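# Observations on the three-dimensional arrangement
One letter stands for each residue in the lines below.
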Amino acid sequence: MPTLEHHKKQAKLYLKWHRERYYPVAAVIGWILPRFRNLTDNQILDHGFKLADAQELVARKSGFDSWQALKKGLQTVTDRIATDAEKPFLAFAEPQLFVSDIEAACGFYRQKLGFETRFTYGEPPFYAQIIRDGARLNLRHVDKPPFTTSHGDDLLAATIAVDNIKALFLEYQAAMAPFHQTLRTEPWGARTFIIKDPDGNLVCFATSAN
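Residues numbered from 1 in each chain as written. Predicted model: local features only at pLDDT ≥ 70, side-chain atom pairs only at ≥ 80, totals over all residues. Heavy atoms only, no water.

Within the structure shown, the criterion is met by 13 aromatic pairs. Ring centres 6.0 Å apart and planes at 90° place the aromatic pair Tyr172 and Phe193 in the edge-to-face group. Taken together, the residues span a long stretch of sequence, with Tyr172 in helix 8 (residues 165-174) and Phe193 in strand 7 (residues 191-196) at a distance of 21 residues. Side by side, Tyr172 and Phe193 carry an identical accessibility label, which is buried. Centroid distance Phe179 to Phe193: 5.7 Å. Interplanar angle 70°. Geometry classified as edge-to-face. Of the two residues, Phe179 sits in strand 6 (residues 179-185) while Phe193 sits in strand 7, which places them 14 residues apart along the sequence. The exposure class of Phe179 is partly exposed, given its relative accessible area of 26%. Put simply, the rings of Phe169, Tyr172, Phe179, Phe193 and Phe205 touch in pairs and so form one group of aromatic residues. (Phe/Tyr/Trp six-rings, centres within 6.5 Å; stacked < 30°, edge-to-face > 60°. Helix = DSSP H or I, 4+ residues; strand = E, 2+ residues; numbered from the N terminus. Buried < 20%, exposed > 50% of the residue type's maximum accessible area, 1.4 Å probe, protein only.)

Dropping the structure here:
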């Protein structure tokens, strides 16, 4: 199990990254600390961020409400809890889509699908992340598609779980988004529809199976 010294070093590292305006750390801060949740990446990096904030970030990532709770927990943890704490936890997935033009792709996902651009990287940009609510897609520039498929293949680039899929389908229908498959109920009970972006990426929106 990680020691208190390990957590201290981790907090100092987050503090260093924030001071150096390392963009990926802004996403972590916004995701973990509630008071930063409604800020953009730039606002998070412009915002004051002290060692105490970094310690709280480390504590919350480790499953504690505060730095003091983390320290107390490390002192009193049982062997069973220590074993559980070492188990991997998969927080979320970020599918990577290959596109020929980062700016054009960001524009499509913003205008047609309601996503926001979280960041772009490079000049000209060759990498970007777009978000909508809890969904995140990474966009990677390529000059040529990494693979080709025969006509009729339905190879999905990403699947995004949706609560109210009918409302989202109607929203995309009104925005004249390019459907590869309209809303339907699958044999296993899930309701799905598929959007085809300008680069041919198929993004499936789906409910959980009943």
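Another point: the sheet that holds strand 1 (residues 96-99). Spatial ordering of the open sheet is given by 1-4-3-2, a layout of 4 strands whose pairing is mixed. Two strands in the sheet have a free side with no partner beyond their single neighbour: strand 1 and strand 2 (116-121). Each strand axis lies, on average, 25° off the axis of its neighbour in the sheet, ignoring direction. Relative to strand 4 (residues 135-141), strand 3 (residues 127-132) is paired through 6 bridges, and the arrangement is antiparallel. Across the sheet, Gln129 pairs through a bridge with Asn138, a residue of strand 4. (Pairing = 2+ DSSP bridges. Axes fitted to C-alpha atoms, helices over the stretch in contact; angles between N-to-C directions.)

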